[in-house]
Amino acid sequence: MTQADTSHLEPGTSRTVTLRVFRGDASGGEFVDYTVEMDEGQVVLDVLHTVQATQAGDLAVRWNCKAGKCGSCSAEVNGNPCLTCMTRMNTLDVSQPISVAPIKTFPLIKDLVTDVSFNYEGAKQIPAFAPRAPDAADGSYRMMQQDIERGQEFRKCIECFLCQDVCHVIRDHPENKPNFMGPRQFVRLAELEMHPLDTADRTEFIREAGGISYCNITKCCTEVCPESIHITDNAIIPLKERVADKYYDPFRWIFGKLTGRG
Ligand code: SF4
Ligand code: SF4
Ligand code: FES
């Protein structure tokens, strides 16, 4: 992150700032400078809206909640993948032009808007939640509190796809996309696999369709997650261990062959 320069950002004051915004579509584009007024306390999305309102009415920007909860406003600000609605201007060096680019990993539609349908196609393939029969005639279940809490972290995901954006497996190698679902889907798979009521075995799916072996645990995904989900340590590594247990544990393999469960 660029060092903050708050010397010109006294509370209640405004000043000019230059946003260097990517303009273009799938056929190409360029960065265009827009110098606008900004107030102390604004976020990058606010300033993009000022640009849109005053100088570039056709600027494509995707957002919904402006509260860090819908995951729509992901972009790369000064090269850092982030939510523009949660990136405060007073954390940036506003004495220099601030670049705003679309997330790189997905095909560009227009300006800052990308086609993230890759993620929804992956989600659709994941075997659904398969709960066991209720524990009581009234349809209720009994679960250990610690088993319930284990998956709570994964349910915080807002589907901003910043983790997908930084994952080098697909960011630098789009040809891997058919074979690798990416960290967001591993979070979803971990949520299902660790659910105390779920009965499905997704180990083969995680290995084959998920392509988890492509991940070399660089932790870049964890570093950018705005929900502070420990993607690598708490989702990916346990899933890798399940795959290793099933496919690479010789005793388990022999037992499976002998019992017909392999
Ligand atoms: S830890 Fe794995 S999934 Fe996360 S960014 Fe690195 S390679 Fe991608
Ligand atoms: S896991 Fe984190 S970074 Fe990835 S999509 Fe969910 S909220 Fe965004
Ligand atoms: S606008 Fe919803 S997360 Fe930024």
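Starting afresh in each chain, residues are numbered from 1 along the sequence in its written order. Each chain is given a letter, starting from A, and each ligand a number, starting from 1, according to the order in which they appear as written. Reporting in this predicted model follows two pLDDT cut-offs: at least 70 for local features of residues, and 80 or more for side-chain atom pairs to be given and counted; totals over whole chains, interfaces and linings ignore these cut-offs and use all residues.

(A) Geometry of the overall build of the protein. In this text, helices come from DSSP runs of H or I with a minimum length of four residues, and strands from runs of E with a minimum of two, each type numbered from the N-terminal end. Counting secondary structure elements, the protein contains 10 helices and seven strands. C-alpha atoms of the protein, sized along the principal axes, occupy 70 × 45 × 30 Å. Neighbour density around each residue's C-beta defines its exposure: 20 or more other C-beta atoms within 10 Å make it buried, 12 or fewer make it exposed, and counts between make it partly exposed, where C-beta atoms are placed from the backbone. Considering the protein as a whole, with its 262 residues, one finds that 32% of them fall into the buried category. Residue pairs qualify as contacts under a 7 Å threshold applied to their C-beta atoms, which are placed from the backbone. Sequence-distant contacts in the protein: of pairs separated by 6 or more residues, those separated by 24 or more amount to 64%.

(B) Quick look at the site of ligand 2. Placing a C-beta atom from the backbone of each residue, we mark the residue near a molecule or strand if the atom is within 6 Å of it. Near ligand 2 lie 16 residues; those nearest to it are Cys157, Cys160, Cys163, Arg184 and Cys225. Within the residue set of the shell around ligand 2, elements represented by two or more residues are helix H4 (162-166) and helix H6 (183-193). In terms of residues, the shell around ligand 2 owes the most to one element, H6, which gives three residues. Residues are grouped as follows: Ala, Val, Leu, Ile, Met, Phe, Trp, Tyr, Cys and Pro are nonpolar; Asp, Glu, Lys and Arg are charged; every other residue, Gly included, is polar. Residue classes in the shell around ligand 2 are distributed as 13 nonpolar, no polar and three charged.

(C) View of the site of ligand 1. By nearness alone, 13 residues border ligand 1, and Cys167, Pro183, Cys215, Thr218 and Cys221 come closest of all. At the level of elements, helix H8 (220-224) and helix H9 (231-248) are the ones that each hand at least two residues to the shell around ligand 1.

(D) A look at the domain arrangement of the protein. By convention here, the domain bounds are inherited from an automatic or database domain assignment. The domain architecture assigned to the protein consists of domain 1 (14-113) and domain 2 (116-259). The C-alpha centroid of domain 2 is placed 32 Å from the C-alpha centroid of domain 1. Counting residues at the interface gives 12 residues for domain 1 and 14 residues for domain 2. Considered class by class, the residues forming the side of domain 1 that touches domain 2 number six nonpolar, four polar and two charged.

(E) Highlighting unusual backbone geometry. Backbone geometry at phenylalanine 161 places phi at a positive 65°, although glycine is not the residue there. Topologically, phenylalanine 161 is positioned in the loop between helix H3 (145-150) and H4. Assessed through the 24 C-beta atoms surrounding it within 10 Å, phenylalanine 161 is described here as buried. Phi is positive for isoleucine 217, close to 55°, though the residue is something other than glycine.

(F) How the structure looks around the environment of glutamate 76. When you line up the elements, glutamate 76 lands in strand E3 (residues 74-77). Linking glutamate 76 and aspartate 165, residues 89 residues apart in sequence, is a C-alpha distance of 9.5 Å. Setting aside chain neighbours within four positions, we find glutamate 76 in contact with Pro81, Ala101, Ile103 and Lys104.

(G) Structural context of the nonpolar core. Throughout this description, the term nonpolar core refers to a group of buried Ala, Val, Leu, Ile, Met, Phe, Trp, Tyr and Cys residues whose C-beta atoms join them within 7 Å. Formed by 56 residues in total, the largest nonpolar core has its most connected members in Leu19, Val100, Cys163, Phe186 and Ile231. The leading source of residues in this core is helix H1 (residues 44-54), at five residues. Three or more residues apiece are contributed to this core by two domains, here domain 1 (14-113) and domain 2 (116-259).

(H) View of the environment of histidine 230. In this structure, histidine 230 sits in the loop between H8 and H9. Looking at histidine 230, the number of C-beta atoms within 10 Å reads 15, which means it is partly exposed. Once the C-alpha coordinates of histidine 230 and phenylalanine 154 are considered, the two residues, 76 residues apart in sequence, prove to be 8.7 Å apart.

(I) Quick look at the packing of H6 against H9. Two elements in contact, H6 and H9, have axes whose closest approach is 9 Å; the angle formed by their N-to-C orientations is 70°. The angle between the axes of H6 and H9 places the two elements in the roughly perpendicular class. H6 and H9 meet at a crossing whose hand is left-handed. Between H6 and H9, the contacting residues are Pro183, Phe186, Val187, Leu189, Ala190 and Glu193 on the first element and Ile231, Ala235, Ile236, Pro238 and Leu239 on the second. Between N-to-C directions, angles cover 0 to 180 degrees, with each direction set by a line fitted to C-alpha atoms, over the stretch in contact for helices. Roughly parallel covers angles under 35 degrees, roughly antiparallel covers those over 145, roughly perpendicular covers 65 to 115, and oblique covers all other angles. Crossings are sorted by hand: turned counterclockwise from the far helix by less than a right angle, the near helix makes the crossing left-handed, and turned clockwise it makes it right-handed.

(J) Layout of the environment of valine 32. Looking at the secondary structure, you find valine 32 in strand E2 (residues 28-39). Note: C-alpha distance between valine 32 and threonine 18 (14 residues apart in sequence) is 9.7 Å. For valine 32, the contacting residues outside a window of four places in its chain are Val21 and Arg23.

(K) Here's a closer look at the pairing of strand E5 (residues 98-101). Burial of E5 is one-sided: the residues Ile98 and Val100 facing one way are buried, the residues Ser99 and Ala101 facing the other way are not. In short, DSSP must find at least two bridges between two strands for them to pair. The pairing of strand E1 (residues 14-25) with E5 spans three bridges and is classified as parallel. Pairing of leucine 19 across the sheet is with isoleucine 98, part of E5.

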